[in-house]
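Reading the structure
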Amino acid sequence: MAEFKNKIALVKALLSNMQIIRVKPSINWFLTKYMGKFNLLNIDGQLIIHSHLPSVNSKAFTRFINEHLLARTEGPSHAQISLTNACPQNCRYCYNKNRSGELLNTAEIKQLIQELKKMGVFWLGFTGGEPLLNKDIVEIVKSVGDDCAIKLFTTGSNLTERLAAELKEAGLLYASVSLDHWEEEHDRIRGSKGAFRTALRAIEIFKSIGVHVSVSAVLSRKMLQRNQVQEFLNFLISLGIHEAWLSEMKPTVEAFWNEASVITEEERLSLVRLQDKYNKEGKITVNYLGHFEGGEHFGCNAGNKMVYIDAFGEVSPCVFTPMTFGNVRDKSVQAVFSEMKEHFPSESCCFINKNYGLLKKYYKGQAPISKEDTLEMMKEIRFSPMSEFSRLNYKR
């Protein structure tokens, strides 16, 4: 009965935006089935499926409908920007390891945001390093506007009650705090004693101001093989957060370029089943990246509908791909993205999980791999078929 009521609430929320009726019936049916796997949350008036999508009653969601479902724009829907490479922690798997250069300044970041929005971006993630170490973060968040969902990825370092309140006032919708394991192991993975306690404090601060709060958890294969994921999810439920945003450890850095570190398809599907189980119970929203990006749903859209700009202006297909197609100081982000997209069709499985082996051939000790080497590497890539959503929405 609860599941049925949730689906009715979802359909009503979607229909409140009348533009949705102009979308192809097959797409509306796909979205209804997909979103029906999650519980609709009302957070301070925002009707939220999960933190990888805008709230369904927002201007950002209207842009999703108008620009990506109706107009079928060629531009990206999702983007992440690193606001700094500085971080008090030293994660073993950090996707920004070995990146360097001249940091983008605040004016450049704000201009970049507006350019991305013009291209079609309706969901924007701020990451790092530790983005809270950027002294202008409130100004940057405020510059986004109310027609683009904003998600903050943070370790919790440098967070205060005042800063959290200012971020909410500036327009922050989603706060995602990094928490990968229980205390001892989390601190070890993060290379920082006290990282676990810092994360717990940040969760409490964000909960107190009324934003949507999630934990961003990077799962190792060991956790899967030891059947620890359910135990960890039960711990996250005890924290009273809205969402567990899960991702497996990605083979982004050299230490993980081996088969033993990379998740198998059966392990991905086990996490998909676990997500569905917990969402039916309704105690927490479980949002597994491999579910969103699975071929049965939206697929991997690295370099196609997703773009990452690091703290130095280098443009990558996503945060997990240590390669560049150019720098926004040399060309507009639109020009760089357009060139990149020529090499990246949407596909049904994670790009980096499948192609990490080629990184060994082209990596020369510094990330990202140069544009020249990136283009050579792309000649060897073979993409999988389109995802279900891309097949329905973009194939003519």
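Residues numbered from 1 in each chain as written. Predicted model: local features only at pLDDT ≥ 70, side-chain atom pairs only at ≥ 80, totals over all residues. Heavy atoms only, no water.

Some details on the layout of surface pockets
The calculated volume of the largest pocket comes to roughly 770 Å³. In terms of lining, the largest pocket is formed by 42 residues, of which the most central are Tyr 93, Cys 94, Tyr 95, Thr 127 and Phe 320. Breaking the lining of the largest pocket down by element, the ones donating at least two residues are strand S5 (149-154), strand S7 (212-219), strand S8 (243-248) and helix H14 (351-362). With three residues, S8 is the largest single contributor of residues to the lining of the largest pocket. (1 Å grid on protein atoms, 1.4 Å probe; cavity = no way out; pocket = protein on both sides within 12 Å on 5 of 7 lines; lining within 4 Å. Points joined across faces, edges and corners; volume = space filled by probe spheres on them. Helix = DSSP H or I, 4+ residues; strand = E, 2+ residues; numbered from the N terminus.)

Some points on the packing of helix H10 (residues 229-238) against helix H11 (residues 265-281)
For the pair H10 and H11, the least separation of the axes is 12 Å and the interaxial angle reads 35°. Our pair here, H10 against H11, has a crossing hand that is right-handed. Residues Val 229, Gln 230, Leu 233, Asn 234 and Ile 237 of H10 form the contact with H11, whose own contacting residues are Leu 271, Leu 274, Lys 277 and Tyr 278. Looking at side-chain class alone, the contact of H10 with H11 contains six nonpolar, two polar and one charged residues. (Axes fitted to C-alpha atoms, helices over the stretch in contact; angles between N-to-C directions. Left-handed = near helix turned anticlockwise from the far one by under 90°. Contact = heavy atoms within 4.5 Å. Nonpolar A, V, L, I, M, F, W, Y, C, P; charged D, E, K, R; others polar.)

Quick word on the pairing of S8
Judged by how many residues are buried, S8 sits mostly within the fold: six of six residues are covered. Burial along S8 is two-sided: Glu 243, Trp 245 and Ser 247 and Ala 244, Leu 246 and Glu 248, pointing in opposite directions, are all buried. Bridge count between S7 and S8: six bridges; the pairing is parallel. When the sheet's bridge partners are listed, Ala 217 is paired in S8 with Leu 246. In this sheet, strand S9 (residues 285-288) lies alongside S8 in parallel orientation, the contact comprising four bridges. (Buried < 20%, exposed > 50% of the residue type's maximum accessible area, 1.4 Å probe, protein only. Pairing = 2+ DSSP bridges.)

A look at H11
Between its first and last C-alpha atoms H11 spans 25 Å; for 17 residues at 1.5 Å apiece the expected length is 24 Å, and the two agree. Along H11, the residues that are buried comprise Glu 267, Arg 268, Leu 271, Val 272, Leu 274, Gln 275, Tyr 278 and Asn 279. What you see down the axis of H11 is that its buried residues fit within an arc of 165°, all on one side. Considering only its buried residues, H11 is in contact with S7, helix H9 (221-225), H10, S9 and helix H12 (289-292). (Expected span 1.5 Å × (residues − 1). Arc of directions from axis to C-beta.)

Considering empty space enclosed by the protein
Enumeration according to the criterion identifies one cavity of 30 Å³ or more in this entry. Looking at the largest cavity, its volume works out to about 230 Å³. In this structure, the largest cavity is lined by 17 residues; those nearest its centre are Ser 77, His 78, Phe 292, Asn 301 and Lys 305. Of all the elements in the fold, those that place two or more residues in the lining of the largest cavity are helix H3 (59-70) and helix H16 (388-393). Residue composition of the lining of the largest cavity, grouped by class: eight nonpolar, seven polar and two charged.

Examining the pattern of salt bridges
Per the stated rule, a full pass over the model turns up 28 salt bridges. Each of Glu 265, Arg 268 and Glu 296 takes part in a single network of salt bridges with overlapping partners. (Salt bridge = Lys/Arg side-chain N within 4 Å of Asp/Glu carboxyl O.)

Observations regarding the environment of Cys 91
With respect to the helices and strands, Cys 91 occurs in the loop between strand S3 (78-82) and helix H4 (106-119). Taking C-alpha positions, Cys 91 is 5.9 Å from Gly 191, a pair spaced 100 residues apart along the chain. Once residues within four sequence positions are removed from consideration, Cys 91 is found in contact with Lys 97, Ile 189 and Arg 190.

Shape is all these values report; function is a separate question.
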